[in-house]
Structures are given as C-alpha cells and as structure tokens.
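Inside the fold
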Amino acid sequence: SEHQARILQQSLKADRKSLLSLVSFCQENDFAGWARVDDKAGLSAEVEQYQSRRGARTYDALPATYTMPDEHAALVAAHAAAPGPWLVKPANLHNGHGIQLITSPAEAPVRTGWIVQRYVEKPALVHERKPSLRVFLLVTSVAPVRVYLFRGGRTVFSVEPYESGNYEADSLPMHIAHTNVFGKRVQAAFEETKRVLNHANAEWPYAR
C-alpha cells in the first residue's frame, strides 16, 4: 500500500546498510538489456525498431526523438517542416538534470549523450499545472511477460502554472516537475503550489 511504501522508504533512509543491500540486489537481478532501455537514446532506438516491425502508428503518441549527433540533420529537416520548440535531455541522467528548452536546432548539443524531442505544446493540466505521473512496475519475467503494477503510484506537479508559448531558459519550473533542479527558487514556488492545489501536498496519490 501507499502507507507501507512510505514506511519502507523512511526506514531505508535511516538504515544505510539495508539501502545498499537493496540497491545491490536490484542491480544484480535486473533483467538482461535493462541498461539499454534505461538510456533514452537506446530506448528511442528500440521504439523505432518496434515501430518499423509493427507499423508507424505504434506508440504514435510519443514525441519525435532525435539522437545526437547522428540525427542532427533529421532534426534540422523536421524543424524546417514544423518549427519547434524542442526539449533537450541528457541520454542517461534522471530527475530533470540537464534538461533544456530550445527553439532552434542550432541550440542543440551536437555530441554524443544527448537527445532532442519535439515539445508537446498542449499538455494535460491540473489546476493549470503540468502533472508528472510516476508508475512503478515490477518485471519478474519477459518471456513470458509478467509485470506487476504498484497501484499506489504518485503524481507530482510543476511548481509554476503553465504558460503556453513561454520557452525561455528560465521558464523550466512551469515545464517540468523535478523541483530539485531549481535551486533557491523552489521553496517559494512550492508554497505557492500547495496554496493553489487546495492546500494539498504538492505530491498526490493516484486515487486523488
């Protein structure tokens, strides 16, 4: 349950030895090939390969993704046909680190380790904020496929209201929900977020 998960989380924070044991267990028992799909460039390649076998409409809700530097020319062509904005992400970092907003391929890092995705300009909003849904799965078998879904889940929100058309470098707090990348700005924004979300915590369980 959500309550039990939080108790476990707090216990592990207080017990470094147990936390290291759990991390070690997960690393040693991950399924073969996990590192490739954990890397965004690798995941993009796997999706493209799957689409080529199953048809272009498979996963067609995913934004167009270009892996640098090999697909920079394709990015330039896509931008010429339908201009950005674009979201730049490091291929193997998490929690919002390294994310950038750009409006031209000329701003994209043309080197290994980066992907560029077309930005979704009309996102779903909750109280004028972008939600980020966390879905937790336990994969115990891939042949046959056996996956368990953690029903609790959680939803976090961008700390500033979404404003369509604002793609300046300092506007990231309205575009992503990873608050740990905003430095000293985040506390004031968090208080405002809690006020707007009916004095609720800025993190909601799925049921809410």
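Cut-offs used in this document
- Along each chain, the written sequence defines residue order, and numbers are assigned to residues from 1.
- Given that the model is predicted, a residue must reach a pLDDT of at least 70 before its local features are reported, and side-chain atom pairs must reach 80 or more before they are shown or counted; all residues, however, enter totals for whole chains, interfaces and linings.
- As a convention, hydrogens and water are excluded, and side-chain values are obtained from all of the structure's heavy atoms.
- For two strands to pair, DSSP has to find at least two bridges joining them.
- Only DSSP runs of H or I covering at least 4 residues are called helices, and only runs of E covering at least 2 are called strands; the numbering of each starts at the N terminus.
- Simply put, an axis is a line fit to the C-alpha atoms, just over the touching stretch for a helix, and the angle between two N-to-C directions goes from 0 to 180 degrees.
- Contacts: residue pairs with any heavy atoms within 4.5 Å of one another.

Here the focus is the sheet that holds strand β3 (residues 100-102). The strand order across the open sheet built from four strands is β1-β4-β2-β3, with neighbouring strands paired in antiparallel fashion. Strand pairing shows two members of the sheet lacking a second neighbour, β1 (65-67) and β3, which therefore form its edges. If you compare each strand with its neighbour and ignore which way they point, the axes differ by 25° on average. Judged from the five bridges that link them, strand β2 (residues 86-90) and strand β4 (residues 114-118) form a sheet pairing that is antiparallel. Within β4, the residue paired with proline 90 across the bridge is tryptophan 114. Across the face of the sheet, helix α4 (residues 40-54) comes into contact with β1, β2 and β4 while running at roughly 120° to β1. Helix α5 (residues 72-81) rests against β1, β2 and β4 of the sheet, and its axis sits at about 150° to β1.

Take the environment of leucine 138 next. Relative to the helices and strands, leucine 138 is located in strand β6 (residues 137-142). Taking the C-alpha atoms as reference points, leucine 138 and tyrosine 148, ten residues apart in sequence, are found 5.0 Å from one another. Beyond its immediate sequence surroundings of up to four residues, leucine 138 is in contact with Arg146, Val147 and Tyr148.

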